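Per-entry structural report
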Number of protein chains: 2
Amino acid sequence: MKILVVGAVAGGASFAARARRLSEHAEIILFERGEEPSFANCGLPYYIGGMIEERKKLLVAPKSLLEKRFRLDVRTRSNVEFIDLERKLIRVKPLDGGEVYEEHFDKLILSPGAHPVRPNLPGVDSPNIMTLRDLSDADKIHARTRGARSCVILGGGFIGVEMAENMVHRGIHTTLVQRDPQLMSPFDAEMTTPMQTALTSHGVQVMLGKSACRFEQKGAGVVVHLESGEAIEADFVVMSIGVMPENQLAISAGLNVGPRGGIVVNRQMQTSHPDVYAVGDVVETIHFPSGQPTQVPLAGPANRQGRIAADHVFSRSTEYRGTQGTAIVGGFGVTLAMTGDSEKVLKRNKMAYEKVYLHPAHHAGYYPGAQGMSLKLLFSPQDGRILGAQGVGGEGVDKRIDVIAMAIQGRMSVYDLEQAELCYAPQYGSAKDPVNMAGFLASNFLRGDQPLIHVEELDKLEHAIVLDVRTQSEYDEGHIPGAVHLPVDELRDRLSELPKDKPIVAYCKVGQRGYLATRLLSQHGFDVRNLSGGYTTYRLHARPV
Amino acid sequence: MKILVVGAVAGGASFAARARRLSEHAEIILFERGEEPSFANCGLPYYIGGMIEERKKLLVAPKSLLEKRFRLDVRTRSNVEFIDLERKLIRVKPLDGGEVYEEHFDKLILSPGAHPVRPNLPGVDSPNIMTLRDLSDADKIHARTRGARSCVILGGGFIGVEMAENMVHRGIHTTLVQRDPQLMSPFDAEMTTPMQTALTSHGVQVMLGKSACRFEQKGAGVVVHLESGEAIEADFVVMSIGVMPENQLAISAGLNVGPRGGIVVNRQMQTSHPDVYAVGDVVETIHFPSGQPTQVPLAGPANRQGRIAADHVFSRSTEYRGTQGTAIVGGFGVTLAMTGDSEKVLKRNKMAYEKVYLHPAHHAGYYPGAQGMSLKLLFSPQDGRILGAQGVGGEGVDKRIDVIAMAIQGRMSVYDLEQAELCYAPQYGSAKDPVNMAGFLASNFLRGDQPLIHVEELDKLEHAIVLDVRTQSEYDEGHIPGAVHLPVDELRDRLSELPKDKPIVAYCKVGQRGYLATRLLSQHGFDVRNLSGGYTTYRLHARPV
């Protein structure tokens, strides 16, 4: 069997390695436009920033290894220009000279990835305006940073935030411009606040709700003009506003492509032509658990898809379950991670959901070094099924999101989080792990034991008493405007100070004392709800602008 | 309703706090023999070692807080001597003087914990031979360490290993004596090797397969005589050879107690008397998922059981699912964690199982700081259901075990691990996370794509060729005795050097090249198996004695 693979990075390389293990006898040829196959895509910002010092570390499976160990025919600097589905062949143009040639296939695997969006704005063609896709892009930016004093990053998503951290690491003054009014658009806005604060406190100028409209060459640098009328001068610009599937080849071949440009595939990663597979950032994948089409350019899914396509070519019956959107970004010591659906996606899809916030420490508070985190859990009000989770903080955020990701995959509920039996010793967690706590809060709510209210609902409440049950010094340091102060430990003795004919919203620092206050007051006949996540959640919503 | 709680640490304190939240009006009295309720049990070794500097940090919910915030009647230094089930009352002896008195109950919650085993050996009553259960024990040991130069720790379980780390931290020369031929008996022996090495390399003298038979006072110190005839002189001894449920009160009251001494309870934590509940280390709990009785003294389960008992007292329909044995211990930078059943338990219970070993890095290898770990996954050969997992290494071990713990709770399989979508950015994990890798290995095996052999089976193979497919330098640094060397990258060209009439065991460093070699050779007609986890697993089995 003769197999051609177009694109030799994550998905394509995974396919090829697996295919070789499954078949020693197949002829497998990889075509890669760039200079290197199988490089560490996700490491590029860290190479530019100098955290990864040696460029060769990025070459996770160099050409020689693929050739020697896996007996793959790796053709770099080779552009696949055309697919002829009828004759089952492709046309290849060697980029360093040589004749265009044709190659026949029995099976064709498309793994061309996605390219950075580069909007057609005046002046965008300046060599000082760069995007980051592959090693040669990274080399260009790396070279441009030498001696540079300032840069503008357009786009505050995964690459934008990672680039900002790395530019600061290189001592370059950095301005980050983001069209959305928040960083990291896949996340709910309030969960991105600590990341925004971290960027700002490390000297990054964060400009939200702004976008570039034109660029102007100025000396060796560039001026970025924003739609707001502002202008930012910098030595260079990195544009990271999103990616588009590299779908031209598929479209011209007549393969089905979805509305957002991704190649349509089935759960075995077959395109509309049964001998053509597509994997990685180029495909329209399936959302898990809904089964709806979605497009998620992530390395993990790309690798697994490559594996699944190889399984199908060689008659193994695995199938891709879909992408649930587990993602993580780190910057300046802050970790921001999510799995499943965000609140805004649930809202957009008109799904019924409920949510809780919590702000636990990553391990037992009595053991030195405990770091705080904020978690948000989204779940079904009907049966408690977990719909999504987001976390932000220091250490241990990735662990909790991974545990919840596994629970989502298992279609588990908040009642399962309540019962989860996780590792506990004081250096690693708590006897009631943050995951358990999330389950406790959500199931308390679902069982009717903890009426909740959320920060964004506060405005809608008329005549409500907002009751701060923290200590005097906590209250003095900052509180919700108009809040009445009555510490939880004095509540039982001072019930008469509260009205029974008005709704009460109790809050504390993180929601725990507020929960106790809510239980206490409701049993004494008050109409009371707990502000989920307390003042800390309130502060997350009051984002710096 | 009047509720009495006997024992006010993990389970009892959790019960009481939850009970108060559920009922503002119940009368709740806690009886605690020690001086402090709700102290951080698991923090005691770290307080003794000086890692936790302030004693008061251990008082997670001091008496005053329980009284003020939760309106609990907390009676410390109070020994409950007797339960009269018929009259529904208990007899209490105040330990600091005062009359013995009776207290009536509507509901009684037993949370007395477990006491350290102190075998009746000659000389065991010396004040230099201490056990660690509560704060006053910790104070005693803490005081004894001042000026001390040497100690013997008897027992190499959780507390033994933690104490060893802390004694070294205090600069005290430490000998650890363990009856089993391995440390940390709940784990499979080979997985404990890195912990043993860590102890030894930090100066702890580890003596396995040894036990004390008598003690002898010598000056201000003590001589520990071992059954082997050896004798160890030290300033003091900490005995941590296990715990026994504190069941006397329950037995004398006529409550049902299991064969290993734990109070028998149902899934609502009710004992054989419906108004008496028991929680924590004193109960015989249910093994998850088998439903068989078991006894696991762990803080996480104790806390959740307290909560569930309170739920039942106040008519919430939660139930305890059982204990799956998730546990973790850290020492000298090595983390050792497990969930579900160990191989030895599966063997003992004559359960069908298979296993794989892997030795991945905790995050992408190209990002600086990647630490190695070893994972062992146990699963059903029928349907791939996950039965247990163990991990040992540096960072990220706890995360992988927690993820697999969640998968076990969801009755998920190795095919689910294969598809798990976990957080990936180079600082946090790999595009193919260790959890995915474990799933890949196990499902490759179950699908017949990767015939495996294990280290302990090597001896049984007659006439087999053991084939080392690593590089020359790796081979030269150490290899399995008698192994033939043939690097994987040369394999295809040198097939003729291998016999087709003998079984071949291929191995590399961790199993990956061995897997490729196995696939390659089997497709060329050789009878070949891959040594699971390769030379690294082999080295884990060759434990230092």
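Note that the structure is a prediction, hence the values are computed from the model and not measured. Here the residue numbering is sequential within each chain, running from 1 through the sequence in written order. Going through the entries in the order they are written, you letter the chains from A and number the ligands from 1. Local features in this predicted model are restricted to residues of pLDDT 70 or higher, and side-chain atom pairs are both shown and tallied only at a pLDDT of 80 or more, whereas totals for entire chains, interfaces and linings draw on every residue. Computation of side-chain values covers all heavy atoms of the structure but excludes hydrogens and water.

As for the sheet that holds strand β15 (residues 231-234) of chain B
All names here are of chain B. Strand pairing is defined by DSSP finding a minimum of two bridges between the two strands. Put simply, DSSP marks the helices as runs of H or I at least four residues long and the strands as runs of E at least two long, and each gets a number from the N terminus on. A sheet is described by the order of its strands in space; here three strands give the open sequence β13-β14-β15, paired in antiparallel fashion. Taken across any chain shown, the strands that pair with only one partner, and hence form the sheet edges, are β13 (212-218) and β15. Strand after strand, the sheet turns through a mean of 20° between neighbouring axes, direction not considered. Strand direction decides the pairing type here: strand β14 (residues 221-226) and β15, joined by four bridges, are antiparallel. By the bridge assignment for β15, V222 is matched with A234. Angular values range over 0 to 180 degrees, each being the angle between N-to-C directions of two axes fitted as lines to C-alpha atoms, with helices fitted over their stretch in contact.

Details of the interface of chain A and chain B
Taken together, the contacts link 91 residues of chain A with 91 residues of chain B. Summing the contributions of chain A and of chain B, the shared interface buries around 8000 Å²; its carbon and sulfur component is 54%. Throughout this description, the term salt bridge denotes a Lys or Arg side-chain nitrogen within 4 Å of a carboxyl oxygen of Asp or Glu. Counting the contacts that link chain A with chain B gives 16 salt bridges. Between R307 of chain A and E418 of chain B there is a salt bridge, and its shortest N-O distance comes to 3.6 Å. Contacts described as polar in this section are N or O atom pairs within 3.5 Å, which, within protein, must combine one atom able to donate a hydrogen with one able to accept it, while residues neighboring in sequence count only if both atoms come from side chains. At the junction of chain A and chain B, the tally comes to 50 residue pairs in polar contact (both at pLDDT 80 or more). Ranked by residue count, the leading element in the side of chain A that touches chain B is helix α10 (residues 397-409) of chain A, at nine residues. Here the residues of the side of chain A that touches chain B are counted per class, giving 42 nonpolar, 22 polar and 27 charged. The contact criterion used is simple: two residues touch if any of their non-hydrogen atoms lie within 4.5 Å. A quick way to say it: buried area is the sum, across both parts, of accessible area lost when two parts are put together, with a 1.4 Å probe. Gly falls in the polar group here, along with every residue not listed as nonpolar (Ala, Val, Leu, Ile, Met, Phe, Trp, Tyr, Cys, Pro) or charged (Asp, Glu, Lys, Arg).

Topic: empty space enclosed by the protein
Using protein atoms alone on a 1 Å grid, points that fit a 1.4 Å probe yet trap it form a cavity, whereas open point sets bounded by protein on both sides within 12 Å along at least five of seven lines form a pocket; residues with an atom within 4 Å of a point count as lining. Grid points are joined across faces, edges and corners, and a volume is the space filled by probe spheres set on the points. Evaluated as defined, the whole model comprises eight cavities of 30 Å³ or more. Size it by volume and the largest cavity reaches roughly 70 Å³. In terms of lining residues, the largest cavity is bounded by R304, R307, I308, D311 and T318 of chain A together with E418, Q419 and F440 of chain B. Those elements that provide at least two residues to the lining of the largest cavity are α8 (299-313) of chain A together with α11 (414-419) of chain B. If one sorts the elements of the lining of the largest cavity by residue count, α8 of chain A sits on top with four residues. Split into classes, the residues belonging to the lining of the largest cavity amount to two nonpolar, two polar and four charged.

Section: the relation of the copies chain A and chain B
Here two copies of a chain appear, and what relates them is a rotation about an axis with a shift along it. Least-squares superposition aligns the copies on the C-alpha atoms of those residues with pLDDT at or above 70 in both. The operation relating chain A to chain B is a screw motion whose rotation component is 180°, with 0.0 Å of axial translation and a residual RMSD of 0.0 Å. What the superposition gives is, in effect, a two-fold axis relating one chain to the other. Mapped onto chain B, 100% of the interface residues of chain A are again interface residues, and the two copies thus contact each other with one and the same surface.

Focus: the packing of α10 of chain A against helix α10 (residues 397-409) of chain B
At a minimum axis distance of 8 Å, the contact between α10 of chain A and α10 of chain B shows a crossing angle of 20°. By the angle between their axes, α10 of chain A is roughly parallel relative to α10 of chain B. The crossing of α10 of chain A and α10 of chain B is right-handed. Where α10 of chain A approaches α10 of chain B, its residues D398, K399, D402, V403, M406 and A407 of chain A are matched on the opposing element by D398, K399, D402, V403, M406 and A407 of chain B. Here the residues of the contact of α10 of chain A with α10 of chain B are counted per class, giving six nonpolar, no polar and six charged. An angle below 35 degrees is read as roughly parallel, one above 145 as roughly antiparallel, one from 65 to 115 as roughly perpendicular, and any other as oblique. Left-handed describes a crossing in which the near helix is turned anticlockwise from the far one by less than a right angle; the clockwise case is right-handed.

Quick notes on the packing of aromatic side chains
Here a Phe, Tyr or Trp ring, Trp counted by its six-membered ring, pairs with any other such ring whose centre lies within 6.5 Å, and the pair is stacked when the planes are under 30 degrees apart, edge-to-face when over 60, and tilted otherwise. What the rule picks out here adds up to eight aromatic pairs over all chains. Arranged with centres 5.2 Å apart and planes meeting at 90°, the rings of Y46 of chain A and Y367 of chain B form a pair that is edge-to-face. Residue Y46 of chain A is located in helix α2 (residues 44-48), and its partner Y367 of chain B is located in the loop between β24 (354-358) and β25 (373-379); the two belong to separate chains. Between buried and exposed lies partly exposed: a residue is buried under 20% and exposed over 50% of the maximum accessible area for its type, with that area taken using a 1.4 Å probe on protein chains only. Assessed through its relative accessible area of 0%, Y46 of chain A is described here as buried. The exposure class assigned to Y367 of chain B is buried, which follows from its relative accessible area of 14%. Ring centres of Y535 of chain A and Y538 of chain A lie 5.7 Å apart, and the angle between their planes is 15°; on these two criteria the pair is classed as stacked. Taken together, the residues span about one helical turn, with Y535 of chain A and Y538 of chain A both in helix α15 (residues 534-541) at a distance of three residues. Counting every residue linked through ring pairs, the aromatic cluster contains Y507, Y535 and Y538 of chain A. Residue placement shows K500 of chain A over the ring face of F526 of chain A; its charged tip is 5.0 Å from the ring centre. In this scheme, Lys NZ or Arg CZ marks a charge over a ring once it lies within 6 Å of the ring centre and within 35 degrees of the ring normal.

Considering the sheet that holds strand β21 (residues 293-294) of chain A
Residue and element names in this part refer to chain A. As summarised here, the arrangement of the three strands in space is β18-β20-β21, forming an open sheet in which the pairing is mixed. Because the sheet does not close on itself, it has two edges, and the strands there are β18 (263-264) and β21. Pairing of β18 with strand β20 (residues 283-286) involves two bridges; the strand directions are parallel. Bridge pairing in β20 places V264 opposite E284.

What about the environment of K140 of chain B?
By secondary structure assignment, the location of K140 of chain B is in helix α4 (residues 135-145). Residues K140 of chain B and H202 of chain B, spaced 62 residues apart in sequence, show a C-alpha to C-alpha distance of 25 Å.

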